[in-house]
Amino acid sequence: MTHERRQDRSETPWTAGDLYLRAVAQRTGLEHLTLATREGLRLSGTGDEDLGSRVAAVAPLFVEEPATLRAGLIDELTDGQPMQVWRVTVRDRPFYLIGFGALTDMSEEVQHAFDRIFARPAARISN
């Protein structure tokens, strides 16, 4: 008999992404994690969804054009905590993983987990 390490599971990729990011946040001590598209849309995240949507909206500018952000905007969003952004790839497309709280390195395991969670469904074989 094998022991299932995860208590919460979902077959829906977005919900599975939320659950996974919650576990990563607990493990790393980050207060908030959001997975965002490069267009600034929230895909998955932990905590308040409205905050996640706002963080997702500014992530591309934070990475690509930080000078265009209003002074103090990031501090307002993160309540003064440091904000970190990691680039990840999902289905060959670039995404941003945004976290705030304790500065941390994000392991390659996170990229592998996103590859698994957001993998294309296997084609069904019909007889």
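The following refers to the structure shown. (Residues numbered from 1 in each chain as written. Predicted model: local features only at pLDDT ≥ 70, side-chain atom pairs only at ≥ 80, totals over all residues. Heavy atoms only, no water.)

1. A closer look at the side chain of Thr-37
Rules: Strands here mean DSSP runs of E at least two residues long; helices mean DSSP runs of H or I at least four residues long; both are numbered from the N terminus. Throughout, exposure labels follow a simple rule: accessible area from a 1.4 Å probe, protein chains only, divided by the maximum for the residue type, with under 20% read as buried, over 50% as exposed, and the rest as partly exposed. Between two residues, a contact is recorded if the distance between any of their heavy atoms is within 4.5 Å.
Tracing the chain through its elements places Thr-37 in strand β1 (residues 30-37). What makes Thr-37 buried here is its relative accessible area of 11%. Beyond its immediate stretch of four places on either side in the chain, Thr-37 contacts Pro-60, Phe-95 and Tyr-96.

2. Focus on the sheet that holds strand β4 (residues 93-101)
The line we're drawing: Any two strands with at least two DSSP-identified bridges between them are counted as paired. Axis definition: a line fit to C-alpha positions, over the contact stretch in the case of helices; interaxial angles, taken between N-to-C directions, run 0 to 180 degrees.
Pairing is antiparallel in the open sheet, where 4 strands are placed in the order β2-β1-β4-β3. In this open sheet, the two edge strands, each paired with only one partner strand, are β2 (42-45) and β3 (83-90). Neighbour-to-neighbour, the strand axes of this sheet turn through a mean angle of 25°, independent of strand direction. Two strands pair when backbone bridges link them, and β1 and β2 are joined in this way by 3 bridges, in the antiparallel orientation. Residue pairing across strands places Thr-34 opposite Gly-45, the latter belonging to β2. Helix α2 (residues 49-64) rests against β1, β2, β3 and β4 of the sheet, and its axis sits at about 115° to β4. Against the sheet, helix α4 (residues 108-117) contacts β1, β3 and β4, and its axis sits at roughly 45° relative to β3.

3. Quick word on the pairing of β1
Remark: a regular strand shows side chains that alternate across the two faces of the sheet. In terms of burial, β1 is a largely internal element, 7 of the 8 residues being buried. Connecting β1 to the antiparallel partner β2 that follows it, the hairpin turn spans 4 residues, and Gly-40 within it adopts a positive phi of roughly 90°.

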